Amino acid sequence: MKLLPENVRVLYFASDCVEPYVEIITVKDSKWRRSLCSSRDYETKEPEYQEEVEEALPVLNKHSQLLDDRHLERIAAHMPAKTQGYPWQLVYSTAVHGSSLKTLYRNMAGLDSPVLLVIKDMHKKVFGAFSSDPFKVSKYCYGTGETFLFTFNPDFQAYRWSGENSYFVSGKLESLQIGAGGGGFGLWLDADLYRGSSFSCPTFQNKSLSTQEDFSVLDLEVWTVHN
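Predicted model, so just to flag it, every value in this text is computed and none were measured.

**Student:** What is the right way to look at the overall build of the protein chain in this model?
**Tutor:** The secondary structure content of the protein chain amounts to three helices and twelve strands. Looking at the protein chain as a whole, 41% of its 227 residues are labelled buried. Here the contacts in the protein chain between residues at least 6 apart in sequence split such that 52% fall between residues at least 24 apart. Accessible surface for the protein chain amounts to roughly 13400 Å². Of this, 49% is attributable to carbon and sulfur atoms.

**Student:** Any chance you could explain a nonpolar patch on the surface here in plain terms?
**Tutor:** Taken together, the side chains of M122, Y194 and L218 define a hydrophobic patch exposed on the protein surface, amounting to about 280 Å² of accessible area. Topologically, L218 is positioned in strand β12 (residues 214-225). Given the relative accessible area of 33%, L218 is considered partly exposed.

**Student:** Could you clarify how one ought to interpret the layout of surface pockets in this entry?
**Tutor:** Any empty space left between atoms is shown by rolling a water-sized probe over those atoms. Volume-wise, the largest pocket comes out at about 290 Å³. If you go around the largest pocket, you meet 16 residues; those closest to its centre are A56, L57, P58, A76 and Q84. Of the residues in the lining of the largest pocket, the class split is eleven nonpolar, three polar and two charged.

**Student:** How should I be thinking about the nonpolar core in this particular structure?
**Tutor:** The nonpolar side chains of soluble globular proteins are, as a tendency, buried together. With 29 residues, the main nonpolar core has L104, L117, F135, L187 and L220 as its most contacted residues. Counting residues per element, this core draws most heavily on β12, which supplies four residues. If you look at the next biggest cluster of nonpolar residues, it comprises 18 residues, including V126, F150, F156 and V225.

**Student:** When you look at helix α1 (residues 69-78) in this model, what are you seeing that I'm missing?
**Tutor:** For the α-helix, the turn length of 3.6 residues means that residues three or four positions removed from each other point alike. Of all the residues in α1, the buried ones are H71, L72, I75 and A76. Projected onto a plane normal to the axis of α1, the buried residues spread over an arc of 110° and lie on a single side. Every exposed residue of α1 that faces more than 90 degrees away from the buried side is listed here: D69, E73 and A77. Its buried side turned inward, α1 meets β3 (88-93), β4 (115-121), β5 (126-131), β6 (148-152) and β7 (156-159). Taking the backbone nitrogen of R70 as reference, a side-chain oxygen 3.0 Å away marks D68 as the first, capping residue of α1.

**Student:** Explanation requested: the packing of aromatic side chains in the structure shown.
**Tutor:** Each aromatic ring pair is characterised by the separation of its centres together with the angle its planes make. Following the criterion strictly, the structure yields six aromatic pairs and no others. Aromatic pair F130 and F148: ring centres 5.4 Å apart, planes at 20°, arrangement stacked. Separated by 18 residues along the polypeptide, F130 in strand β5 and F148 in strand β6 bring together distant segments of the chain. Under the relative-accessibility criterion, F148 is labelled buried at 0%. Taking 6.3 Å as the distance between ring centres and 80° as the angle between the ring planes, the aromatic pair formed by F150 and F152 counts as edge-to-face. One exposure class covers both F150 and F152, and it is buried. Through a chain of ring-to-ring contacts, three or more aromatic side chains come together here, namely F150, F152 and F156. Sitting over the ring of F148, R160 keeps its end group 5.3 Å from the ring centre.

What counts and how
Residues numbered from 1 in each chain as written. Predicted model: local features only at pLDDT ≥ 70, side-chain atom pairs only at ≥ 80, totals over all residues. Heavy atoms only, no water. Helix = DSSP H or I, 4+ residues; strand = E, 2+ residues; numbered from the N terminus. Buried < 20%, exposed > 50% of the residue type's maximum accessible area, 1.4 Å probe, protein only. Contact = heavy atoms within 4.5 Å. Areas by Shrake-Rupley, 256 points an atom, 1.4 Å probe, with all protein chains shown as cover. Patch = residues over 30% accessible without salt bridge, like charges linked within 9 Å, V, L, I, M, F, W, Y side chains within 5 Å. Salt bridge = Lys/Arg side-chain N within 4 Å of Asp/Glu carboxyl O. 1 Å grid on protein atoms, 1.4 Å probe; cavity = no way out; pocket = protein on both sides within 12 Å on 5 of 7 lines; lining within 4 Å. Points joined across faces, edges and corners; volume = space filled by probe spheres on them. Nonpolar A, V, L, I, M, F, W, Y, C, P; charged D, E, K, R; others polar. Core = buried A, V, L, I, M, F, W, Y, C linked by side-chain atoms within 4.5 Å. Arc of directions from axis to C-beta. Polar contact = N/O pair within 3.5 Å; in protein donor to acceptor, adjacent residues only side chain to side chain. Phe/Tyr/Trp six-rings, centres within 6.5 Å; stacked < 30°, edge-to-face > 60°. Lys NZ or Arg CZ within 6 Å of the ring centre and 35° of its normal.

What follows is the structure, given as structure tokens:
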């Protein structure tokens, strides 16, 4: 009698509503099989053949002065599903474009995609915000509940929308504000992108993103994520 190869399985199927039949399959095809008439899903699984699939890191079109693989992995995992798999494009960098909120706004003119703001302060702490909308000057607040704050101070922490108010982003010529209420901003930057502050705010119910509520910016980058 000839033995079957190790990667071949013979499966016998029988139920009350289907005639019994035999199917010969390879292990590659046998990871998931479902019976036809049962109200439960029966799955044939071969653990010894399964391989762990690592999440691919985002692809950046430029080198980041602020983000390493650890940063990219943690931030990307918290971003909306609609951003996954798309390249990150550098829109603004203090190292390239100088320190100017006005230039930051100008570089995003006509942009219609989410943006990621990343800051490194003088204490070398990395933190920032994901905004569902590009930054712009506006009389009213804008953004959606996909907006969130984050920090690596010292471990990664994301602060999502609490639902308490909708003060997501407010863009003014003299400052950029993310999260508000209760007398403080979750993240605030001045017109020169040099001074900033981070207070607890109802929008995200966050703690201060840096070691101190008032900080000085060392470097700043803004990335956009789109197809």
